[in-house]
Amino acid sequence: MDTEITLLASTAGTTIATLLATSAWNGVRDGVLALWRRARPDHEAEVAAQLEASRRELLRAESEGDEETGQEIAAEWQGRLRRFLVAHPDQARELRELLNELGPDVRPSTVVDQRASASGSARVYQAGRDLTIEQR
């Protein structure tokens, strides 16, 4: 179960960090707070403040072209969620449901890490899923 929790927390942390700076922000906040409200209502205000702080930090970093901060925020939420799920494994189903609501293509088993560099007249094509290239 620990590997499953770690994988779920990893996917959820990355998803949350990714969506903090999008129009899905309200759904992310409401969903995460609902998880904590059910299991740890005494920590709801603290988690709300952490989400707000993460969002502000991510928006600032994106405006400055800082991609590493987004990765750090994702790692912070991965850790928070893993610890939460270890203490409250009964909330794993609710977290999976939240991920499905936020993005039906989000799957705990999907991890894509891509890096590429090209020089001269080289081309790089990458895809986390389907890719169609039509060259003429």
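All values derive from a computational prediction rather than experimental measurement.

Caption draft 1: How the structure looks around the confidence of the model for the protein. Across the protein, the average pLDDT comes to 87, with 90% of residues at 70 or higher. Within the protein, the lowest mean pLDDT, 90, falls on helix H1 (residues 2-19), and the highest, 95, falls on helix H4 (residues 68-87). A low-confidence stretch, residues 105-110 (pLDDT under 50), is modelled with 11 contacts involving residues beyond four sequence positions or located in other chains.

Caption draft 2: Structural view of H1. Between the first and last C-alpha of H1 there are 25 Å, a value that for 18 residues agrees with the 26 Å anticipated at 1.5 Å per step. Those residues of H1 that sit buried are Ile5, Leu8, Ala9, Thr11, Ala12, Gly13, Thr15, Ile16, Ala17 and Leu19.

Caption draft 3: Local environment of the pattern of salt bridges. Under the definition given, this model contains 7 salt bridges. Notably, a salt bridge pairs Arg60 with Glu64, separated by 2.9 Å at the nearest N-O pair. Among the residues examined, Glu64 registers a relative accessible area of 55% and is labelled exposed. Its salt-bridge partner being Arg93, residue Glu94 comes within 3.2 Å of it at the nearest N-O pair. For Glu94, a relative accessible area of 16% gives the class buried. Sharing partners across several salt bridges, the network here consists of Arg93, Glu94 and Glu97.

Caption draft 4: Structural detail: the environment of Arg136. If you trace the backbone, Arg136 turns up in the segment after helix H5 (92-102). On the basis of relative accessibility, which here comes to 91%, the residue Arg136 falls in the exposed class. Taking the C-alpha atoms as reference points, Arg136 and Arg55, separated by 81 residues in sequence, lie 43 Å from one another.

Caption draft 5: Seen up close, a negative patch on the surface. Taken together, the side chains of Glu57, Glu67, Glu68, Glu72 and Glu76 define an acidic patch exposed on the protein surface. With 3 residues, H4 is the largest single contributor of residues to the negative patch. When you line up the elements, Glu76 lands in helix H4.

Caption draft 6: Representation of the packing of aromatic side chains within the structure. Applying the stated criterion across every chain, the model contains 1 aromatic pair. Here the basic side chain of Arg80 rests over the ring of Trp77, its NZ or CZ set 4.3 Å away from the ring centre.

Cut-offs used in this document
Residues numbered from 1 in each chain as written. Predicted model: local features only at pLDDT ≥ 70, side-chain atom pairs only at ≥ 80, totals over all residues. Heavy atoms only, no water. pLDDT = per-residue confidence, 0-100. Helix = DSSP H or I, 4+ residues; strand = E, 2+ residues; numbered from the N terminus. Contact = heavy atoms within 4.5 Å. Expected span 1.5 Å × (residues − 1). Buried < 20%, exposed > 50% of the residue type's maximum accessible area, 1.4 Å probe, protein only. Salt bridge = Lys/Arg side-chain N within 4 Å of Asp/Glu carboxyl O. Patch = residues over 30% accessible without salt bridge, like charges linked within 9 Å, V, L, I, M, F, W, Y side chains within 5 Å. Areas by Shrake-Rupley, 256 points an atom, 1.4 Å probe, with all protein chains shown as cover. Lys, Arg positive; Asp, Glu negative; His and termini not counted. Charge placed at Lys NZ, Arg CZ, Asp CG, Glu CD. Phe/Tyr/Trp six-rings, centres within 6.5 Å; stacked < 30°, edge-to-face > 60°. Lys NZ or Arg CZ within 6 Å of the ring centre and 35° of its normal.

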